[in-house]
Amino acid sequence: MKFGRWFRYCVMPRTPVAEILRSETPPGAVTVMGWVRTKRDSKAFSFLEINDGSCLSNLQVVVDAAIAGYDEAVVPARTGASLVIQGNIVESLGKGQRWELQASKVELLGGAPEDYPLQKKGHSMEFMRSIAHLRPRSNLFGAVFRVRSRMAYAIHRFFQERGFVYVHTPIITASDCEGAGEMFRVVTMDGEVVKTGDEEFFAKPTYLTVSGQLEGETFACALSNIYTFGPTFRAENSHTSRHASEFWMIEPEMAFCDLMADMDLAEAMIKYLVSDALETCIEDLGFFNQFIDKGLIERLEFVRDRSFERVTYTEAVELLKASGESFEYPVEYGLNLQSEHERYLTEKHFRCPTTVYNYPKEIKPFYMRKNEDGKTVAAMDLLVPGIGEIVGGSQREERLEVLLANLKDHGLEESGYGWYVDLRRYGTVPHAGFGLGFERLLMFVTGVANIRDVIPFPRTPGVADF
RNA sequence: UCCUCUGUAGCUCAGCGGUAGAGCGGGUGGCUGUUAACCACUAGGUCGUUGGUUCGAUCCCAACCGGAGGAGCCA
């Protein structure tokens, strides 16, 4: 990765720390801009650790007390202060780093008083959430959000390389993707009065989207292979480490596609993303591996290199019954698999990502395709160790009569799904797709255990700070 | 929404029915090509809120508020 092009657009020409540290030869004269992570003073000179977010590592800066700006810039520069440093990159005399910056001039952009909340020591994740505006300046969160950015890019690459068309499905919607959870209402405000009924801005009740799937299907039934990647909103009052009220979801949808190919794509995508992270984010992953999850890199390499397991729901139930494990919740055909059951499959039985498919139709939404057995639908969940469901998908019911019957069976009015039903009325095709929770993927890739710590500004029930 | 745990210094925590302590961080001084540096000194807290029990509550009880973990639901 080169920073050269970016460099030209920068108003204040500077060299990113990542570029300096990566250099094989002495980079010579540079200007570095960044934030002080720590300072160690001596009588004749100071050591500064500078971080600019371009990579995990800091650049060690040696400042002789005799240089220009020492008293004005270096003496008052505490942890958190922002600096411009000009100087020469030389081989470090000390241990622990190859290059260091011998400063010739230092300018203080912004000081940080002694109440700067980030200390040199580690902080709890809970405390970091309370200073969400400053936490990207920490090692952990800088790494998390660099990986987040890279994974977003890799997702686009994965689909674009395969000819998928990126579709922007609406954020405000009038359709409830049935079974996808509680929705936020969209209303206009007139003072304290919430307008309803005839005064609806859109002439009907509208919501923040819980899924772009239904809209995505319409584009798949025209452009063949599409994907969405955008924010999603769920108004569920859930307090867990895996749920947020606002999160990002990736939803590919493929025409002329059945459940088997759908599962192939989901597995290939997970492998691609894990492989890309190992290739491009290894420094950040190394940090997670050391401080968050000792087995992380080994697990990611395992996921990249080994094939995933695949079992039907029926087989999974039999497996669980024969396991001899004592589960808190019963294992019975027709019941949803509980978190503890999913964990057993991925963490104890198979010890790898596992796709479970062909679920009983009673526990799945109306749009999933009914199988020949009359009992199950072509649904699939991709489960990963430590997190559980990371992908949920299905082949969609493309037969008009069957879909109409499904709507009825689920107690839904056909009138509410007119345009969706039309897809089956005009040139219907077999098609399938899935949803990937972006934050759950990030939890899996980084080892970070709480969804709130992989979203820049998390929204959960009762919390919309920052 | 349900269950469990939790709230004491800026942070992480200890503590006790008689109104509080450590480590780190901060400040000051010293020292050193330092590496989450080191040494000395120092400042800093109506113990989440409101009631109750008690001669007396930070400690016991209740409610509320905040935080965390789990369940359900899902991504």
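Preceding this section is the structure that the text describes.
Computed from a predicted model, the values in this text were never measured in an experiment. (Residues numbered from 1 in each chain as written. Chains lettered and ligands numbered in written order. Predicted model: local features only at pLDDT ≥ 70, side-chain atom pairs only at ≥ 80, totals over all residues. Heavy atoms only, no water.)

(A) Looking closely at the pattern of salt bridges. Within this structure, the stated rule accounts for 27 salt bridges. D41 serves as the salt-bridge partner of K39, at 3.7 Å between the closest nitrogen and oxygen. Look at K39 and you get buried, because its relative accessible area is 16%. The partner of E217 in a salt bridge is R396, and the shortest N-O contact between them spans 3.9 Å. Placement of the pair is E217 in helix α6 (residues 213-223) and R396 in strand β17 (residues 388-396), with a sequence separation of 179 residues. The same class applies to E217 and to R396, which are both buried. Salt bridges linked by common partners bring E217, E253, R396 and R424 together as one network. (Salt bridge = Lys/Arg side-chain N within 4 Å of Asp/Glu carboxyl O. Buried < 20%, exposed > 50% of the residue type's maximum accessible area, 1.4 Å probe, protein only. Helix = DSSP H or I, 4+ residues; strand = E, 2+ residues; numbered from the N terminus.)

(B) Summary view of helix α11 (residues 339-349). Taken as a whole, α11 has its buried residues at E340, H341, E342, Y344, L345 and T346. On the buried face of α11, the contacting elements are α10 (313-321), β15 (354-360), β16 (376-384) and β17. Two residues or fewer past α11, R351 is found with a positive phi of approximately 55°. (Contact = heavy atoms within 4.5 Å.)

(C) Summary view of the protein's contact with RNA strand B. In the vicinity of RNA strand B there are 53 residues, among which D41, K43, E100, Q338 and R440 approach most closely. For RNA strand B, the fraction of protein-proximal atoms (within 4 Å) that sit in sugar or phosphate groups is 50%. Taking Q97, its side chain carries an N or O atom lying 3.3 Å from a base oxygen of RNA strand B. Between RNA strand B and H123 there is a distance of 3.4 Å, counted from a sugar or linking oxygen to a side-chain nitrogen or oxygen. Among the secondary structure elements, those contributing two or more residues to the surface near RNA strand B are β1 (28-41), β2 (45-51), β3 (59-64), α4 (125-130), β13 (246-255), α11 and β17. Taken together, the residues of the surface near RNA strand B break down into twelve nonpolar, 22 polar and 19 charged. (Near = heavy atom within 4 Å. Polar contact = N/O pair within 3.5 Å; in protein donor to acceptor, adjacent residues only side chain to side chain. Nonpolar A, V, L, I, M, F, W, Y, C, P; charged D, E, K, R; others polar.)

(D) Inspection of the environment of H431 at higher detail. For H431, the location among the structural elements is in strand β18 (residues 431-437). On the basis of relative accessible area, H431 is assigned to the buried category, the value being 1%. Among all residues touching H431, those that are not within four sequence positions of it are E217, C221, E253, M254, A255, F256, C257, Q395, R396, E398 and R424. Of note is the side chain of H431, whose polar atom sits 2.7 Å from the side chain of E217. Within polar-contact distance, the side chain of H431 engages the backbone oxygen of V429 at 2.9 Å.

(E) Quick look at the nonpolar core. Within the largest apolar cluster, 92 residues are counted, with the highest numbers of intra-cluster contacts made by I270, L285, V391, L436 and L441. In terms of residue count, the dominant contributor to this core is helix α5 (residues 139-161) (twelve residues). Two domains share this core, each providing at least three of its residues, namely domain 1 (4-116) and domain 2 (135-453). Each residue touching L436, except ones within four places of it in the same chain, is listed here: W248, M249, I250, M269, I270, L273, I390, V391 and L441. (Core = buried A, V, L, I, M, F, W, Y, C linked by side-chain atoms within 4.5 Å. Domains from an automatic or database assignment.)

(F) Broad picture of the state of the cysteines. For the structure on display, the rule yields zero disulfides. Of all cysteine sulfurs in the structure, the one in C257 sits closest to C221, which takes part in no disulfide; the separation is 12 Å. Not engaged in a disulfide, the cysteine C281 finds its nearest cysteine sulfur in C55; these two sulfurs lie 12 Å apart. On the basis of relative accessible area, C281 is assigned to the buried category, the value being 6%. (Disulfide = S-S within 2.5 Å.)

(G) The packing of aromatic side chains, seen in detail. Taken as a whole and assessed by the stated rule, the structure comprises 20 aromatic pairs. When the ring of F159 is compared with that of F164, the centres are 5.1 Å apart and the planes differ by 55°; the resulting orientation is tilted. In this structure an aromatic cluster arises from ring pairing among F158, F159, F164, Y166, Y227 and Y272. Above the plane of the ring of Y207 lies R185, whose end atom (NZ or CZ) is 5.7 Å from the centre. When the ring centre of Y420 is taken as reference, the NZ or CZ atom of R424 above it lies at 4.1 Å. (Phe/Tyr/Trp six-rings, centres within 6.5 Å; stacked < 30°, edge-to-face > 60°. Lys NZ or Arg CZ within 6 Å of the ring centre and 35° of its normal.)

(H) Representation of the sheet that holds strand β8 (residues 185-186). Pairing in this open sheet of three strands is antiparallel, and the strands run β7-β11-β8 from one edge to the other. Strand pairing shows two members of the sheet lacking a second neighbour, β7 (172-173) and β8, which therefore form its edges. (Pairing = 2+ DSSP bridges.)

(I) Inspection of the side chain of T38 at higher detail. Assignment of secondary structure puts T38 in strand β1. For T38, the residues in contact, after removing those within four places along its chain, are F47, L48, E49, T79 and K120.

(J) Main features of the environment of F444. If you trace the backbone, F444 turns up in helix α14 (residues 438-446). Classification of F444 as buried rests on a relative accessible area of 1%. C-alpha separation for the pair F444 and I387, spaced 57 residues apart in sequence, amounts to 7.0 Å. Those residues in contact with F444 that lie beyond four places of it in its chain are V274, L296, R299, L300, V303, V384, P385, I387 and I390.

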